[in-house]
Amino acid sequence: MSTSSVSKGCFVFKPSAKKKKKTTTTTTTTPSLESHFSRGCEGAESSETRFKLCQDLWSKIKTDTEVLQDELHRNILDSLLDFTRKCSSTRQHSDWASQMRASEIPTAALVLGVNVPDHDMTFQSLSDLLQQSVTPHVASVQAKECGALKHLMKRVLEKFMGAVVDDDDEEEEEAEHVSTPLHSSMHCSLSALCDWYITKTKKSSSGTPGRKRSSPVKDEPSQPPVVIIFKDLEAFNPTVLQDFILICSRYIERLPLMFIFGIATSPSTIQHMLPYSVSSLLCVELFQSLSCTQHLATVIDKLILTPHFPFKINGKVMQVLISIFLYHDFSVRNFIKGLQLALLEHFHSQPLSVLCCKKKEALPNVMQLSQSDLERIRQLPSFKRYVEKQESQAQVSLMTDDAHLKEVCRRLIKDLRKYHKNYYPILRCLHTLTSSLPRYPLGKQIRELHLICLEKNVWENEDYQSAMKLLKMLAKDELNASLQKCADILQPVKSKKLKNALVQLEEHLARFKQLDTATAVAPGGEESITSPAKKLQKKTDLFQLQKTLLEMNESRRAKKLSPFEILRNEALDFIDTLVKSHLSPPESQTLHEVCYYTSSAAVRRHLNAAPRTSIQTALSTPYYYLQNDSLKTEDGTVSNAAPDICIAYKLHLECGRLINLYDWLEAYSTVVSAAEGNHPASDNFGKVDEVKHARFIRAVSELEFLGFIKSTKQKTDHVARLTWGGC
């Protein structure tokens, strides 16, 4: 195998899978939360408490997310399970129609959407459910593992049979170096899979003495299907897929195969990838999963718009997470990762986050605050505004008396919790009333209304005022239905203020019902009540609608309001009062900094990374990442103790378009000699030995791999520089 490179050296190539004695599974580990908290935190006891609180919230978010994902995918997974059971039972029938369908390969086309990072969790749940209740023979394959037909065949057989499979095209030289394999070796063909399947089904049907059969196996057919899941259908080579389907169709009588195609774009992908001669061998049934936007709306509703999670994010952080979702990958999984990142950063950077917990834990934590924590509370902007509103004597007590401050903080934390308990139900009530209005003045999704409320007083917004005007023109039935939904939202809330609000709202609904009774006695009033709304519904032109609204305003001033209009205005004024009482922005609440994470720049920097900037920062300023004091230097310089690639990168910045490799090596050797402590006047200073030469070659090869230089044909002992400018 030939290799083209700037430097001549030794290159290592990964051996084939046949040389591996056993299959190893690599697991990716993320840095622990505890190690993250141990860096730069003041106070060991406070750090430990915050770490525990963060870990508990992290675990709860993860658990609730998994439960939510299972609930959202429950319908589609149940449908797929029914499909596999039905296809398996079809082979048991003897009628002509069933035999015709049995000659085709049952195929489920599962359209999951473009949110590819979320697909793994869905396929894992599907695979687990199939193995538990339908068949133990389930294999999942990806396109990156199956570039050729033999690779696809080999991967499928290895997944099912759990053995190393021989390839006929392997080089004979490799066989000489292979020791005795730990697994039995199989021939790469479907006939071997058929023999294995027959052996397995005979064993399972005969059973073993003393073995108890579990409940899922009770309903398992005598010939369980062999399910192959293609996770990313669009990424497969069409020729490879066609050949594999043609081969499988010849074994369908001996092997009850079944395919599941994971599709990210459109069901028409099957027609585009497979000609009719191949697609006619499949019996395809379409399954559509929940859209990623609906999935995100549910996640935001359950994890963010709820008082059960004390941790909150402000409007800017939420906009960053939503914009990354909408303009990058549509991944709900990555959205949750961003939320967890904000949680970790908040508890790490905010020492007062020890108060961001549930009621049972927060109040004792207030009394255990240290002197430094109390001083931090006094420096909070929201607390300073609170102190300025107090009388002079109270101000002195708050700034000097620690015991008094703890009692006040205890009460303020309770008020902040009550604020959240009242905020979210009223937010849902307002969204229920305004989401049915034309052109959605306050947004179609509740998250849009939530962002408006986070920025400023929503009742000062022009869209809110126009929405209230439109609500005052609703017909009786529509208004009754919306107010009844609001009452249903307030029903389970335990807050005293909202219980009183529910009583008043039910009184308004009762008065509307009394008005219905009076209208039934005098039917002439109904026409006068609903006629403005009917008149509005007939007008579709914007100019005519504006003209009609102006005429209605003038006529309303001239004539006396009807009983329905009086009740409608009273009910909406009551809703307006609730909004002004409970939907003030979080920044208006004292000690909101304890629960709200506000650093949108940090979230954007972590989630929306720029690889080129990060690489150049690491090479030019290695201290930024390594945090080693010996690497601290002035701006524009690199320490001679820096890694070899950083020294080579800094030297290459001082060169022009073409770099002489020998001059570059001499300069590198001089810098490294200074790092080794050699005296400049000594004979060995700057001398190139074998070790320095090898280190230089490795550094140059790494720079070439990163794309900073390349070999050139103009001069054999030169390389061309590819990048210009700094970070």
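You'll find the structure just up there.
From a predicted model like this one, the values you see are computed outputs, not experimental measurements.

Peer 1: Any chance you could explain unusual backbone geometry here in plain terms?
Peer 2: With the exception of glycine, the majority of residues adopt a negative phi angle, and the majority of peptide bonds are in the trans configuration. Look at Phe330: it is not a glycine, yet its phi comes out positive at around 55 degrees. Summarising the element assignment, Phe330 is placed in the loop between helix 14 (315–329) and helix 15 (332–349). Under the relative-accessibility criterion, Phe330 is labelled partly exposed at 27%. Its identity is not glycine, yet Gln627 carries a phi of approximately 55 degrees, on the positive side. By the element assignment, Gln627 lies in the loop between helix 30 (623–626) and helix 31 (644–653). Owing to a relative accessible area of 52%, Gln627 belongs among the exposed residues under this scheme.

Peer 1: What is the right way to look at a positive patch on the surface in this model?
Peer 2: Taken together, the side chains of Arg410, Lys414, Lys418, Lys421, Lys494, Lys496, Lys497 and Lys499 define a basic patch exposed on the protein surface. Counting residues per element, the ones that place at least two in the positive patch are helix 20 (402–434) and helix 24 (496–521). Per-element tally for the positive patch: the top contributor is helix 20, with four residues. With respect to the helices, strands and loops of the structure, Lys494 is situated in the loop between helix 23 (476–490) and helix 24. A residue is classified by how much of its surface remains accessible, and Lys494, at 74% relative accessible area, is exposed.

Peer 1: Which parts of the structure should I look at to understand the sheet that holds strand 2 (residues 138–141)?
Peer 2: By definition, the strands of a sheet pair up through backbone hydrogen bonds, in either a parallel or an antiparallel sense. Sheet architecture is open: five strands sit in the order 2-5-6-1-7, paired in parallel fashion. Two strands close off the open sheet at either side, each with one partner strand: strand 2 and strand 7 (282–288). The average undirected angle you get between the axes of adjacent strands in this sheet is 20 degrees. Running at roughly 160 degrees to strand 6 (residues 257–263), helix 10 (residues 238–249) makes contact with strand 1 (105–111), strand 5 (226–230), strand 6 and strand 7 of the sheet.

Peer 1: What am I meant to see in the pattern of salt bridges here?
Peer 2: A side chain with one charge can pair with a side chain of the opposite charge if their charged atoms come near. Taken as a whole, this structure holds 17 salt bridges when the rule is applied. Residue Asp78 is joined to Arg74 by a salt bridge in which the shortest nitrogen-to-oxygen separation is 3.9 Å. In this pair, Asp78 and Arg74 both sit in helix 3 (residues 74–90), four residues apart, roughly one turn of the helix. Residue classification places Arg74 among the partly exposed positions, given a relative accessible area of 33%. Among the salt bridges present, the one from Lys86 reaches Glu285, with a minimum N-O distance of 3.5 Å. With a gap of 199 residues between them, Lys86 in helix 3 and Glu285 in strand 7 connect regions that are remote in the sequence.

Peer 1: Which parts of the structure should I look at to understand the packing of helix 31 against helix 33 (residues 690–706)?
Peer 2: If you want to describe how two helices pack, look at the angle between their axes and the distance between the axes. Their axes nearest at 9 Å, the elements helix 31 and helix 33 cross at an angle of 70 degrees. Comparing the axis directions of helix 31 and helix 33 gives the class roughly perpendicular. Crossing of helix 31 over helix 33 shows right-handed handedness. On the side of helix 31, the interface is formed by Asp644, Ile645, Ala648 and Tyr649, while helix 33 contributes Arg695, Arg698, Ala699, Glu702, Leu703 and Leu706. In terms of residue class, the contact of helix 31 with helix 33 is built from six nonpolar, no polar and four charged.

Peer 1: Sorry, what's going on with the sheet that holds strand 12 (residues 718–721) here?
Peer 2: If you trace the three strands from one edge of the open sheet to the other, you get 10-12-11, paired in antiparallel fashion. Strands with a single pairing partner mark the edges of an open sheet, and in this sheet they are strand 10 (658–660) and strand 11 (709–711). For this sheet the average axis-to-axis angle between neighbouring strands, irrespective of direction, equals 40 degrees. Of the pairings in the sheet, the one linking strand 11 to strand 12 comprises three bridges and is antiparallel in character. The residue of strand 12 that forms the bridge with Ile709 is Arg721.

Rules behind the numbers
- Residues numbered from 1 in each chain as written.
- Predicted model: local features only at pLDDT ≥ 70, side-chain atom pairs only at ≥ 80, totals over all residues.
- Heavy atoms only, no water.
- Helix = DSSP H or I, 4+ residues; strand = E, 2+ residues; numbered from the N terminus.
- Buried < 20%, exposed > 50% of the residue type's maximum accessible area, 1.4 Å probe, protein only.
- Patch = residues over 30% accessible without salt bridge, like charges linked within 9 Å, V, L, I, M, F, W, Y side chains within 5 Å.
- Areas by Shrake-Rupley, 256 points an atom, 1.4 Å probe, with all protein chains shown as cover.
- Salt bridge = Lys/Arg side-chain N within 4 Å of Asp/Glu carboxyl O.
- Lys, Arg positive; Asp, Glu negative; His and termini not counted.
- Charge placed at Lys NZ, Arg CZ, Asp CG, Glu CD.
- Pairing = 2+ DSSP bridges.
- Axes fitted to C-alpha atoms, helices over the stretch in contact; angles between N-to-C directions.
- Contact = heavy atoms within 4.5 Å.
- Parallel < 35°, antiparallel > 145°, perpendicular 65-115°, else oblique.
- Left-handed = near helix turned anticlockwise from the far one by under 90°.
- Nonpolar A, V, L, I, M, F, W, Y, C, P; charged D, E, K, R; others polar.

Just geometry here; none of it tells us what the structure is for.
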